[in-house]
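Fold and contact review
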Amino acid sequence: MSKSFERYQQRKLISSYFSVVLSIGLVLFLLGILGLLVLNTKKLADHFKEQITISVFLKDNAKHVEIDQLQKSLVMAEYTKAATYVSKEEAAAQHSEDIGENFQDFLGYNPLKNSIDVQLNADFVTPELLEEIAAEITTKGYVEEVSYDKPLIGLLNENVKRISFWILVASSIFTFIAVLLINSSIRLSIYSKRFIIKTMQMVGATKVFIRKPFIWTNIKLGVLGAALAMLALAGVLYYVNENFPELGLMEDPTILAILFSSVFILGLLISLISTYFATQRFLNLRTDELYY
């Protein structure tokens, strides 16, 4: 009978520890995902900004030497990521492919212009800087027009600022919720041992002596939960990097080190602080209050 009871108590203890580890792991995993978004917000925003292209349309009488000089000067400019020359024939072929028919058959000529497509570095993709860049390029006598999607640029910058703000707000809220959830899980596991805590206190054990094994146990559970969260984060990072390599999420080891270190330290600290205050609460209760 006693062995059966001991096995029951052991299973109950393991189940309690497992639920604490799992809850800590899940909460830290969600925090890690949010942390990944926060740390990579600028990189993701830059990725989308660098997809913006401005087209420099050239006059028909522009000389090849002038075009080559312009392209080289654009490539060397600090705001340029890439500059590609597109002839009017290439542009016509691409346009015909996009619409599914040869528009030159109807018109009888090619109305498109030779152009240079310029991809910009993300820091220069703002309405003000693009206006300055366009004005500078149009001073060339052989440049007919500089074209880009002005409404899209404004909308993109506004959305990037808005999304960055709400990611920070969501991260703060989820961090607070994470602390509450982990704290609740640890308090519930200690609640089941409240009579043991009071018994040890009644026979003369000091508060430090009583707290010590609970703190060490829950620190270990916090470490296990953090390890579980880090494994899940590593899996998510690997999947995203394999399917969306252009995001470059694994290119910066510093960001990854900050992310995984933060998850580990957070799991450790929350477990330590929650255990301390949970045990302190039951140590300060009177014996008759343990039943409520």
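Here's what I pulled together on the structure shown here. Fair warning: this is a prediction, and the values are worked out from it, not measured in the lab.

A short note on the nonpolar core
One finds Ile54, Val56, Leu58, Ile116 and Ile137 to be the most contacted residues of the largest nonpolar core, which totals 28 residues. Here this core takes four residues from helix α5 (residues 127–137), the largest share from any one element. No fewer than three residues from each of domain 1 (12–47 + 155–284) and domain 2 (53–148) sit in this core. Those residues in contact with Ile116, other than ones at most four positions away along the chain, are Ile54, Ser55, Val56, Leu58, Ile67, Leu70, Gln71, Leu74, Ala83, Thr84 and Tyr85.

Some thoughts on the packing of helix α7 (residues 194–202) against helix α8 (residues 207–243)
Two elements in contact, α7 and α8, have axes whose closest approach is 9 Å; the angle formed by their N-to-C orientations is 150°. Comparing their axes, α8 and α7 come out roughly antiparallel. For the pair α7 and α8, the crossing hand works out as right-handed. Here α7 contributes Ile197, Met200 and Gln201 to the contact with α8, which in turn contributes Lys207, Phe209, Ile210 and Phe214. A breakdown of the residues in the contact of α7 with α8 according to their chemical character gives five nonpolar, one polar and one charged.

Let's talk about the environment of Leu39
Inspection of the secondary structure assignment puts Leu39 in helix α1 (residues 2–49). Owing to a relative accessible area of 31%, Leu39 belongs among the partly exposed residues under this scheme. For the pair Leu39 and Leu256, spaced 217 residues apart in sequence, the C-alpha separation works out to 9.1 Å. The contacts of Leu39, once residues within four sequence positions are left out, are Ile255, Ile258 and Leu259.

Describing the packing of aromatic side chains
Following the criterion strictly, the structure yields three aromatic pairs and no others. Aromatic side chains Tyr276 and Phe277 sit 5.3 Å apart centroid to centroid with 90° between the ring planes, which places their arrangement in the edge-to-face category. With relative accessibility at 54%, the residue Phe277 sits in the exposed group.

Thoughts on the packing of helix α6 (residues 150–191) against helix α9 (residues 253–284)
Between α6 and α9, the least distance of the axes is 9 Å, while the angle of their chain directions is 45°. With respect to α9, the axis of α6 lies oblique. As for how α6 packs across α9, the hand of that crossing is right-handed. Packed against α6, whose contacting residues are Val179, Ile182, Asn183, Ile186, Arg187, Ile190 and Tyr191, the element α9 presents Ile270, Ser271, Ser274, Thr275, Ala278, Thr279, Arg281 and Phe282 at the interface.

About the thresholds
Residues numbered from 1 in each chain as written. Predicted model: local features only at pLDDT ≥ 70, side-chain atom pairs only at ≥ 80, totals over all residues. Heavy atoms only, no water. Core = buried A, V, L, I, M, F, W, Y, C linked by side-chain atoms within 4.5 Å. Buried < 20%, exposed > 50% of the residue type's maximum accessible area, 1.4 Å probe, protein only. Helix = DSSP H or I, 4+ residues; strand = E, 2+ residues; numbered from the N terminus. Domains from an automatic or database assignment. Contact = heavy atoms within 4.5 Å. Axes fitted to C-alpha atoms, helices over the stretch in contact; angles between N-to-C directions. Parallel < 35°, antiparallel > 145°, perpendicular 65-115°, else oblique. Left-handed = near helix turned anticlockwise from the far one by under 90°. Nonpolar A, V, L, I, M, F, W, Y, C, P; charged D, E, K, R; others polar. Phe/Tyr/Trp six-rings, centres within 6.5 Å; stacked < 30°, edge-to-face > 60°.

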